[in-house]
Every structure is written in C-alpha cells, then in structure tokens.
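Observations on chain architecture
As a plain string of letters, each chain reads:
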Amino acid sequence: MKLIRLLLVLLFIPAFIVLARSIGSRSRAVRTLLLFSFPSLIGYSVIFPETWQSMADVVGVDRGADLLLYVTVLTLITYIGYSFSKFRYLEKRNAILVQEIALLQAKEKSTP
Amino acid sequence: MNHKSNELKALSNRQLEIAARTCCIVPIYNEATVIEDCIEHLRTIFSNILVIDDGSTDDSASKAKKSGAQVIRHAINVGQGLAISTGFKWVQSQNKFRNIVTFDGDGQHRAHDALRLVEELENSGLDIVFGSRFLGHKKSDTPATKRLILKTVSRATNILTGVNLSDAHNGLRALTVEASNAVDLTQAGMAHASQIISLTRKANLKYHEIPVNVLYTQYSQRKGQSILNSINIVTDLIWSDE
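Scope of this entry: the structure provided in the associated data block. The shown structure was predicted, so the numbers you read here are calculated from the model rather than taken from an experiment. (Residues numbered from 1 in each chain as written. Chains lettered and ligands numbered in written order. Predicted model: local features only at pLDDT ≥ 70, side-chain atom pairs only at ≥ 80, totals over all residues.)

Thoughts on the sheet that holds strand S5 (residues 128-132) of chain B
Residue and element names in this part refer to chain B. Taken together, 7 strands build an open sheet; the order of strands is S3-S2-S1-S4-S6-S5-S7 and the sheet is mixed. Edge positions in the open sheet fall to strand S3 (70-74) and strand S7 (207-211), since each of these has one partner strand only. Along the sheet, successive strands turn relative to each other by an average axial angle of 20 degrees, direction set aside. Pairing analysis gives 5 bridges linking S5 to S7, with the strands arranged parallel. Pairing of Phe 130 across the sheet is with Glu 209, part of S7. Sitting on the sheet, helix H6 (residues 111-123) touches strand S1 (22-28), strand S4 (99-102), S5, strand S6 (173-176) and S7, and the angle it makes with S6 is about 35 degrees. (Pairing = 2+ DSSP bridges. Helix = DSSP H or I, 4+ residues; strand = E, 2+ residues; numbered from the N terminus. Axes fitted to C-alpha atoms, helices over the stretch in contact; angles between N-to-C directions. Contact = placed C-beta atoms within 7 Å.)

What follows is the structure, given as structure tokens:
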C-alpha cells in the first residue's frame with residue numbers, strides 16, 4: 001500500500017476531524033499554525049517547484065500537483081468543519097443566554 | 001365556561017387532583033391563529049398552563065396570556081427543545097407541581113390524552129410516559145409520507161438509544177418533575193425529542209408508551225416539521241458534542 005493512503009487513513013483524516021470539531025485554545029493554535037504555514041509552503045513551492053514533487057515521491061503520490069490538491073482539499077474541509085463547530089458552539093451559548101434572560105424575567109414578574 | 005363545567009363534571013375527583021398537580025408546558029412559535037383554542041381546550045382539564053413563547057413575531061404571547069396561560073418569553077427564536085427546557089427549569093423552581101406534560105401548541109393534541117398520560121404516570125409509578133400515534137386499534141390518520149419518516153426516525157432512535165418506542169417524535173408526553181431533572185436538554189432544535197429518549201435510557205427512567213390521537217388539520221400540516229427537517233435532526237444528533 002502506498003504511504004499516502006496509510007497516512008491519510010491513519011493520521012491526516014482523524015487529525016483533521018479532531019481539529020475541525022474542537023474549539024479549544026490548543027487546537028485553535030494548531031489551526032492558526034496550519035493556516036499560516038500553508039501559504040508559506042505555497043510560496044516556497046513557487047520558488048522551489050520540485051519540493052512538492054519530492055514530497056509526492058516520498059509519500060507515494062504520482063505528481064506534486066496532486067499532493068498539493070489533496071492538502072488544499074483537506075485544509076478547506078477542516079476549516080468548513082471548524083466553522084460549523086464554532087457556529088454550533090456560539091448558537092448553544094446564545095440559547096443558554098436567551099433561556100437565562102427568559103427565566104429571570106419570569107422570576108421578576110412573579111415576585112410581588 | 002359551560003364547556004369547561006361539562007368537561008369537569010365528567011372528571012373524577014382523583015383526575016381533578018392529578019390535573020391540579022400537573023403543569024402543562026406548551027412551546028409555541030407564531031401560533032397566533034390557533035393558540036387561544038389550544039389553551040381553552042387544555043383549560044377544560046388543566047388549570048396550570050405554561051406557554052413558552054419561543055420568540056414569536058406575531059401576537060401569540062398576548063393571546064396565550066389572554067386565554068389564561070402563564071407566558072414565559074424567549075427574546076429570540078432558538079428552537080422547541082430549548083423552549084421545553086426553559087419550561088422544565090421554571091417548573092422545577094416552583095416546588096408546587098408533581099408532574100409535567102409537554103403539549104404542542106398547534107392544536108394537534110387532545111387534553112384528555114394528556115390526562116390519560118399523567119394518570120398512567122401516577123398509577124403505574126413511572127417516570128415518563130410517551131404518547132404514540134401508532135399504537136391502539138384505531139388506524140392513525142398520519143399522512144403516508146410522514147408516517148414513513150416518523151417510523152424510520154423511531155427505528156433509528158430505538159437502535160441508537162436501546163429503547164423500544166413506536167413514535168419517537170410525538171410532542172405529547174408526561175413526566176414527573178423529578179424525572180425532568182435527569183432530562184437536561186441541550187438540543188435546542190427538534191432533535192430534542194430523540195435526546196429525551198436517549199436521556200431516559202441513560203438515567204434508567206421507568207417509561208411506558210400509550211396510544212394518543214394526533215389531529216392533522218391543514219394548519220398543523222403546514223406548520224409541522226417538513227420531511228427535509230429530518231436531515232437537520234440527524235445532523236444535530238450526529239454533530240452533538242454531548
């Protein structure tokens with residue numbers, strides 16, 4: 001089996017799912033690191049185009065461009081997943097706030 | 001008033017006592033067309049009616065209040081699950097009720113069914129009693145597509161939670177105030193119905209299911225959950241971080 005398949009199944013996809021679902025400060029730092037390292041990698045590959053091909057050869061992907069595509073798609077999906085998680089988290093906090101206000105108002109009204 | 005007197009005459013003293021220690025929670029969102037009839041119908045049996053207005057933009061809240069219900073209002077619309085949770089929390093803080101009934105505000109449910117649920121709850125010493133439109137001798141009036149979706153959701157919920165219910169998403173249910181402490185809802189939307197079942201299982205609550213009637217009017221069908229919404233329910237359950 002090609003190394004890329006093993007890496008994808010055992011390492012990258014689970015790691016990206018965890019990163020996408022987690023909204024803690026550690027995972028946020030990792031995401032920021034990834035977000036900034038990704039354009040740096042792209043810039044580096046413009047200056048040294050053979051870099052992606054060399055990495056592709058190591059992990060068993062035919063072309064460097066394919067590897068770049070895989071990484072781009074995974075990064076994009078991770079950020080969509082993260083945005084979804086963050087949205088749900090904020091929605092939940094919002095709901096708790098709405099409930100607290102409603103109960104406080106009800107308590108105020110029932111207090112003689 | 002005469003209507004209420006007639007209904008009350010038909011109730012035994014025991015039924016009146018049960019109804020008096022029960023609080024009916026009615027979550028609503030833009031139900032101005034039917035809420036007065038719904039509350040008046042409930043008041044033929046129950047005197048404690050708590051309407052949770054989930055950020056309605058029409059005059060549902062004032063109509064509910066005028067009909068004799070107590071109203072708690074969410075500032076914005078957040079979902080039926082949170083409305084029920086708000087109701088539970090308020091009832092728990094009152095220390096004067098023994099039972100809770102959840103009752104849809106669109107006129108689909110019958111007050112006598114609600115009473116039967118609470119009677120079953122008290123007589124059998126149960127923690128929670130679910131209403132089911134698919135039990136009993138009478139053939140359910142549920143439209144075919146809706147029936148298929150509801151049955152599928154029930155099967156999926158039964159497999160995921162390990163309970164055995166025929167109608168997972170029926171809004172008519174009765175539970176003790178004590179049991180409501182274990183049913184701490186975090187699903188704000190319609191997935192709360194599956195979450196109630198899941199929490200029932202987790203907390204080892206004693207439950208039972210009895211047949212109830214669900215009236216399908218043009219209004220309730222228009223207002224009811226769309227088939228597409230079942231996708232949202234499944235997504236909410238899968239993506240839940242509970």
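Quick notes on the environment of B:Ile45
Examined against the element boundaries, B:Ile45 turns out to sit in the loop between helix H3 (35-42) and strand S2 (49-54). For the pair formed by B:Ile45 and B:His112, sequence separation is 67 residues and the distance between their alpha carbons is 7.6 Å.

Describing helix H5 (residues 80-94) of chain B
Residues and elements named next belong to chain B. The end-to-end C-alpha distance of H5 is 21 Å, a good match for the 21 Å that 15 residues give at a rise of 1.5 Å each. Most of H5 is tucked away: 11 of the 15 residues are buried. Count one or two residues on from H5 and you reach Asn 95, which has phi positive near 55 degrees. (Expected span 1.5 Å × (residues − 1). Buried ≥ 20, exposed ≤ 12 C-beta atoms within 10 Å, placed from the backbone.)

Section: the nonpolar core
Membership of the largest hydrophobic core comes to 63 residues, with the highest contact counts inside it found for B:Cys24, B:Ile25, B:Leu50 and B:Ala114. Those residues in contact with B:Leu50, other than ones at most four positions away along the chain, are B:Cys23, B:Cys24, B:Ile25, B:Ala69, B:Gln70, B:Ile72, B:Gly87 and B:Trp90. (Core = buried A, V, L, I, M, F, W, Y, C linked by C-beta atoms within 7 Å.)

Focus on the packing of helix H2 (residues 13-20) of chain B against H6(B)
All names here are of chain B. In the contact formed by H2 and H6, the axes pass within 10 Å of each other and the chain directions differ by 95 degrees. Relative to H6, the element H2 is oriented roughly perpendicular. Packed against H2, whose contacting residues are Gln 15, Ile 18 and Ala 19, the element H6 presents Leu 115, Val 118, Glu 119 and Glu 122 at the interface. Tallied by class, the residues present in the contact of H2 with H6 amount to 4 nonpolar, 1 polar and 2 charged. (Parallel < 35°, antiparallel > 145°, perpendicular 65-115°, else oblique. Nonpolar A, V, L, I, M, F, W, Y, C, P; charged D, E, K, R; others polar.)

Quick word on H3(B)
Residue and element names in this part refer to chain B. Looking at H3, one finds that the buried residues are Ile 35, Cys 38, Ile 39, His 41 and Leu 42. Across the axial projection of H3, the buried residues extend over an arc of 160 degrees, all falling on one side. Elements in contact with the buried residues of H3: S1, S2, helix H4 (60-66) and H6. (Arc of directions from axis to C-beta.)

Focus on the pairing of S6(B)
Residues and elements named next belong to chain B. Across the two faces of S6 the burial is the same, with Arg 173 and Leu 175 and Ala 174 and Thr 176 all buried. Where S4 and S6 come together, 4 bridges link them in antiparallel fashion. In the sheet register, Asn 99 faces S6, and the bridge partner there is Thr 176. Here S5 runs beside S6; their pairing, made up of 3 bridges, is antiparallel. Pairing of Ile 128 across the sheet is with Leu 175, part of S6.

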